[in-house]
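Residue-level structural notes
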Amino acid sequence: MENQDYNKAEKAVDNTENSLRNAATDAKWKVSDLADKARDYINEKRNNDEEANQEGWLDRVKANAADTWEDIKDGANDAWEKTKDAAEDVKAEWNKKTN
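Residues numbered from 1 in each chain as written. Predicted model: local features only at pLDDT ≥ 70, side-chain atom pairs only at ≥ 80, totals over all residues. Heavy atoms only, no water.

Brief notes about the overall build of the protein
Here is the rule we go by: Every helix listed is a DSSP run of H or I at least four residues long, and every strand listed is a run of E at least two residues long, numbered separately from the N terminus. For every residue, the accessible area (1.4 Å probe, protein chains only) is compared with the maximum for its type, and the residue is labelled buried under 20%, exposed over 50%, or partly exposed between those bounds. Any pair of residues with heavy atoms lying within 4.5 Å of one another is described as a contacting pair.
Within the protein, the secondary structure is distributed over 3 helices and 0 strands. Starting at the N terminus, the α and β elements of the protein follow one another as α-α-α. Among the 99 residues that make up the protein, the fraction classed as buried is 15%. Once local pairs closer than 6 in sequence are excluded, the contacts in the protein between residues at least 24 apart make up 68%.

Shown next, in the form of structure tokens:
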């Protein structure tokens, strides 16, 4: 296998890593933002003369986490397909050279 084929496979892995990092970075609620979101939830409930409780807060986080998971899953699937395609290209090149 030629050096360029290895480079191509390595680039595919790097692209996969970058895609996964971007998916995580683009998540709607980062851990550091949760405290602010919790304060907003409590203030919203107070302004509406409603009781803020842990169950309500966790329901809100759970709904958002489901959306975030879908975003991450889409990025991970995309990364998988790109890596798989690059690996198949490298394999095809290898087969051409050895046959």
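Quick notes on helix H2 (residues 34-47)
What counts, and what does not: A helix's residues, less one, multiplied by 1.5 Å, set its expected span.
For H2, built from 14 residues, the straight-helix expectation of 20 Å at 1.5 Å per residue is met to within 8% by its first-to-last C-alpha distance of 20 Å. Within two residues after H2, aspartate 49 carries a phi angle of roughly 55°, on the positive side.

Remarks on the pattern of salt bridges
Put simply, the test is: One side-chain nitrogen of Lys or Arg within 4 Å of one carboxyl oxygen of Asp or Glu is enough to make a salt bridge.
A complete count under the given rule lists 5 salt bridges for this structure. Where lysine 45 meets glutamate 50, a salt bridge forms, and the shortest distance between an N and an O atom there is 3.0 Å. A relative accessible area of 17% places lysine 45 in the buried class.

A few points about the packing of aromatic side chains
For the record, the criterion: Two aromatic rings, drawn from Phe, Tyr or Trp (for Trp, its six-membered ring), form a pair once their centres lie within 6.5 Å of each other, and the interplanar angle then sorts them: stacked below 30 degrees, edge-to-face above 60, tilted otherwise.
According to the stated counting rule, one finds 1 aromatic pair in the structure shown. Considering the side-chain rings of tyrosine 41 and tryptophan 57, the 5.9 Å spacing of their centres and the 40° angle between planes classify their relative orientation as tilted. With a gap of 16 residues between them, tyrosine 41 in helix H2 and tryptophan 57 in helix H3 (residues 54-98) connect regions that are remote in the sequence. Neither residue differs from the other here; tyrosine 41 and tryptophan 57 are each classed as buried.

Considerations on unusual backbone geometry
Phi is positive for aspartate 49, which is not a glycine, with a value near 55°. Looking at the element boundaries, aspartate 49 is found in the loop between H2 and H3. For aspartate 49, a relative accessible area of 76% translates into the label exposed.

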